[in-house]
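A look at the structure
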Amino acid sequence: MKAKLLLFGCLLCGLSSLSAQDTTAVLLDTLQTTIDTTRQDSSLQVSFGVPISKDSIEATVTYNAVDSMIIDATGQKIHLYGDAFVQYTTITLRADHIELDWSKNEVVAEGLPNDTTGVIEGLPEFTEGENTFNADRMRYNFDTRKGVVYDVVTEEGDIIVRGTRSKFVSAPPGDTTANDVIYSFGAIFTTCTADHPHFGIRSSKQKVIPDKLVVVGPSNLEIMGVPTPVWLPFGFFPISQGRRTGLMFPQDYEYSEQWGFGFRNVGWFFPLGESFNLTLLGDIYLQGTYGLSGRLNYKKRYRYTGNLNLRFDSRREERVVPKLDANGDPVMGINNEPAFESIFERQNGFLFNWTHNQDPAAHPMNRLGGSINFQTNNAQQRIFNDARSVLQTQTNSNFSFSRNWNDKPISMSVAFRHSQSLSNRTITVDFPTFQFQTQALYPFRKKERVGQKKWYEDITLRYTNEARANFVAPDTSFFERSTLEQARYGMQHNITTGTSFKIFKYFNLNPGASYREVWSMERLDGAFDGSQVTLDTTILDNGDLEIKTVDFGTYNLDTIAGFSSFREYSANLSLTTQIFGTVLFNKGPIRGLRHVIKPTITVGYAPDYQASANNFLMLPDTLDPTTNRLISRFQNSIFSGPPNSQQRLGLNYSFTNILEMKRFVKRDSTVKNVKLFDNIYVMGNYNFAADSLKWSPIMITGTTRLFKGASTFSFATSFDPQQRIDDPLRPGSITRIDETTWSASKRIARFVDANFRLNTTLTVGKIRAMFQGEEEEVVEQVDEFGDDLKPSDETDFLSLFENFSIRHNLAFGFRPVNVNKDTFTINTNSLQLTGSFQLTPNWNVDIGSIGYDFARQQTTYPFLGLRRDLHCW
């Protein structure tokens, strides 16, 4: 026994201090031991005088066990228990029980039953390099580098091989020409990750070369564990890792009466370097309809990410037209009604989508990014048949480059903006849109101050410059020369200045001024033509003929090309402060009320813009030539024209009101602040320079939240200090006169109209919070189409609707019919349901954008979806 232990110590080089004993097993605590064999190193033979066996293994074997280790000296075995592992070169074996036989250079691994449940745990896991597979039981020989596993699961990329018995052979270390090979018997080849695959290819023999190829012999397609009549004599399945050029199989096979048989999205995938992927796809139908598309995805860490999509479609579409004979006259059919026939036309469409996002870490000052979405001939609605594509009526683009200077208070940007109406097929493009602006500049502030700062040192100056070109045309003729010729160009400059300082301790005085100058490349000119009179002839009841003049003339307007400009400026002086009012109570549910008033009084001046012939054309009115009509010369300018107003010296007033309440909560004896109204605004103005109607209507608006934020209530109402009467010239209309309500009836103002809006969004979580007094724990905003919705863990009935959102929008108001009567109108009253609920663990019902509009008495477009988790399909 002593000689055996000595020989074992020479082989393992880690148990050299074992003492002789009569027992055949030694129990050790948790430890790590290394088998260090050196059959290629003859120095040990010289040093110790002990010959090295030719059958010894070539490298170090490291092993460990968390629970215990038992050495069976008689059987020449080591038993490792509890999360044990054995490591040899690039091979690692883990299991709850590993038996290491040093006489055969062999290990056997298996799981052990749990002491409590009896379930087998710690099943063997074999890893060699990047390849890993699991099995119920495993045997491996370090010398021959061969092993046998039972009920093994091997994963190679997306392919999973489950075999009842497998044999694997490891390539010798350092041999680049050899490959690891796995031979499986009674195995199924699948991409399903379930323990019992839903489908697969069952074969009696399979050969797997990791990272390269799977070869199967005679095999049978199996679905849900049931063999099918489909047999294959053999099969080859590449399993190369990483991105590879390859065929993209079509996603849809379909039949169309117009296009015939065809399939969608078949093409080829090209990896272009490390940062780019290119996919070329096509749609092909037998009767001539086709489509081509290319998608480029790119991403570079810490630099940028984006994608580019190009698509062209040529479709053969049917159109019904009146049937014509050889002379071009309509052909009459049954019941002497026009006959129709179908003709086929070719419709071409183009789609361009580009999205680019720069990483914030790419550059500290430059920003480049945005999205461009462009199409022609309603390509999206004709190509795709999903609800989003069909119902979309507008597409927009916004792509820009901007730069800031850290050492200078300036910034600039160049942008491309585009909007396209899919209903009238009109394209509007603003390009380029150049903007340059400064931050707040302090022209009178000293760099080195001596003494106290002067008030004028806080005067600020800001400058903004914007240049823009605008193109508008139908999508069918947008790229024609006429679009470029009808483009509008312009530039505007804005300069503002102001400051702020305190007076009388509690008041802030804010003087300011602004200047705007607009440059345009065209302006309007014209004259009144009184010779073209329009008459209306009516036969009276007595037979007489009555002739009335409807239009006394017409305008001959013309756009004159060339540089032109206009200017506008204003000055103002505002005074602000705050007034607080608080009332406290010692008892009751309400412990206090607080009212905050923020009044603002502003005096502003603006010159008369109507008197300038450079700004407006003053022409006789076509309905009443005794009066004049002003027509802006810059009404077609890319920027808004000058204000249509006379000289203004006005007093603007506004009062911002905030109402809060302190509420006592008995549950935890605390006092909480509750906002009764977020803001109530009261505003109006008085124009000293006006010759009449000096008082403007008084506007009052406010917003508050109800039912713990579930509802938002807002209102807007107006009162007029000027007297209002029924217009004698326009029946059904009301006009303001130069008389105040105070002088007429001793009232400050008279009610004009009011509008109210109540928007409510309810979820099950909000309902529980309202009735149980608890905070909501679910997401308030539910996705419109029910994507990524997860079922609640609750077991009550309401938990089925945990992901539902009910939206109710109500808008109503009072509209004046005449000065003595108002009419109550409901503008909007709609109910919308959105959400998802789970019927079974795999079945989900999505409900989105379904509801009813009570004002229009019609249902909204319903969207219903049924989803099932097909796992691997």
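Quick caveat: nothing in here was measured; it's all calculated off a predicted structure.

1. Considering the overall build of the chain
- Helix and strand counts for the chain stand at seven helices and 54 strands.
- Across the 873 residues of the chain, 33% fall into the buried class.
- Across the chain, the fraction of contacts at a sequence separation of at least 24, relative to all contacts at a separation of at least 6, is 52%.
- Here the chain displays about 52600 Å² of accessible surface, and carbon together with sulfur accounts for 55% of that area.

2. Some details on the confidence of the model for the chain
- Summarising the model, the chain shows a mean pLDDT of 82, and 87% of its residues fall at 70 or more.
- Segment residues 1-50: pLDDT under 50, and 85 contacts once partners within four positions in sequence are set aside and those in other chains are kept.
- Between residues 775-794, whose pLDDT stays under 50, and residues either more than four places distant or in other chains, the model counts 40 contacts.

3. Let's talk about the pairing of strand β28 (residues 366-376)
- In terms of strand pairing, strand β27 (residues 340-358) meets β28 through eight bridges, oriented antiparallel. Its bridge partner being in β28, Asn-353 is matched across the sheet by Asn-373.
- Across six bridges, the pairing between β28 and strand β29 (residues 394-404) is antiparallel. Counted as the bridge partner of Arg-367 is Ser-402 from β29.

4. What about the environment of Phe-270?
- The residue Phe-270 is located in strand β23 (residues 260-272) in this model.
- Along the backbone, Phe-270 and Gly-246 are 24 residues apart, and their C-alpha atoms lie at a distance of 7.2 Å.
- When neighbours within four sequence positions are excluded, Phe-270 is seen to be in contact with Thr-245, Asn-277, Leu-278 and Leu-280.

5. Describing the nonpolar core
- In this structure, Leu-80 and Ile-98 are the most contacted members of the largest nonpolar core, which totals 37 residues.
- Listed in part, the eleven residues of the second largest apolar core include Ile-372, Phe-374, Val-429 and Ala-473.

6. A short note on a nonpolar patch on the surface
- Taken together, the side chains of Tyr-569, Leu-573, Val-603, Tyr-605, Leu-649 and Phe-688 make up a nonpolar region of the molecular surface, amounting to roughly 520 Å² of accessible area.
- For the nonpolar patch, the secondary structure elements donating two or more residues are β38 (554-576) and β40 (590-606).

7. Thoughts on the packing of aromatic side chains
- What the rule picks out here adds up to 29 aromatic pairs.
- Ring centres 4.6 Å apart and planes at 25° place the aromatic pair Trp-354 and Phe-399 in the stacked group. Residue Trp-354 is found in strand β27, and its partner Phe-399 is found in strand β29; the two are separated by 45 residues along the sequence.
- Given a relative accessible area of 26%, Trp-354 falls into the partly exposed group.
- When the ring of Phe-812 is compared with that of Phe-824, the centres are 5.7 Å apart and the planes differ by 45°; the resulting orientation is tilted. Placement of Phe-812 in strand β50 (residues 805-818) and of Phe-824 in strand β51 (residues 821-838) is noted, with a sequence separation of twelve residues between them.

8. Focus on unusual backbone geometry
- With an omega of -10°, the peptide bond between Phe-431 and Pro-432 qualifies as cis.
- Within the element layout of this structure, Pro-432 appears in strand β31 (residues 426-438).
- Here the phi dihedral of Asn-265 falls at roughly 55°; this positive angle occurs in a residue that is not glycine.
- Take Asn-265: it is sitting in strand β23.
- You can call Asn-265 buried: its relative accessible area is 18%.

9. Considering the pattern of salt bridges
- The tally for this structure, following the rule as stated, stands at 22 salt bridges.
- Taking the shortest distance from any N to any O, the salt bridge between Arg-445 and Asp-458 comes out at 2.8 Å. Here Arg-445 is found in the loop between β31 and β32 (460-474), whereas its partner Asp-458 is found in the loop between β31 and β32, with 13 residues between them in sequence.
- Among the residues examined, Arg-445 registers a relative accessible area of 33% and is labelled partly exposed.
- Residues participating in the shared-partner salt-bridge network are Asp-283, Arg-311, Asp-313 and Arg-315.

10. Some thoughts on the pairing of strand β26 (residues 304-322)
- Sheet topology note: the strand β25 (residues 290-300)/β26 ladder contains eleven bridges and is antiparallel. Each residue of the ladder has a partner; that of Ser-293, found in β26, is Arg-311.
- In textbook terms, the turn of a hairpin is the stretch between consecutive antiparallel strands, and for β25 and β26 this stretch comprises three residues, one of which, Tyr-302, has a positive phi near 65°.
- As defined by bridge partners, β26 adjoins β27 across 19 bridges and the pair is classed as antiparallel. The residue bridging Arg-311 from the neighbouring strand is Leu-351, located in β27.

Conventions and cut-offs
Residues numbered from 1 in each chain as written. Predicted model: local features only at pLDDT ≥ 70, side-chain atom pairs only at ≥ 80, totals over all residues. Heavy atoms only, no water. Helix = DSSP H or I, 4+ residues; strand = E, 2+ residues; numbered from the N terminus. Buried < 20%, exposed > 50% of the residue type's maximum accessible area, 1.4 Å probe, protein only. Contact = heavy atoms within 4.5 Å. Areas by Shrake-Rupley, 256 points an atom, 1.4 Å probe, with all protein chains shown as cover. pLDDT = per-residue confidence, 0-100. Pairing = 2+ DSSP bridges. Core = buried A, V, L, I, M, F, W, Y, C linked by side-chain atoms within 4.5 Å. Patch = residues over 30% accessible without salt bridge, like charges linked within 9 Å, V, L, I, M, F, W, Y side chains within 5 Å. Salt bridge = Lys/Arg side-chain N within 4 Å of Asp/Glu carboxyl O. Phe/Tyr/Trp six-rings, centres within 6.5 Å; stacked < 30°, edge-to-face > 60°.

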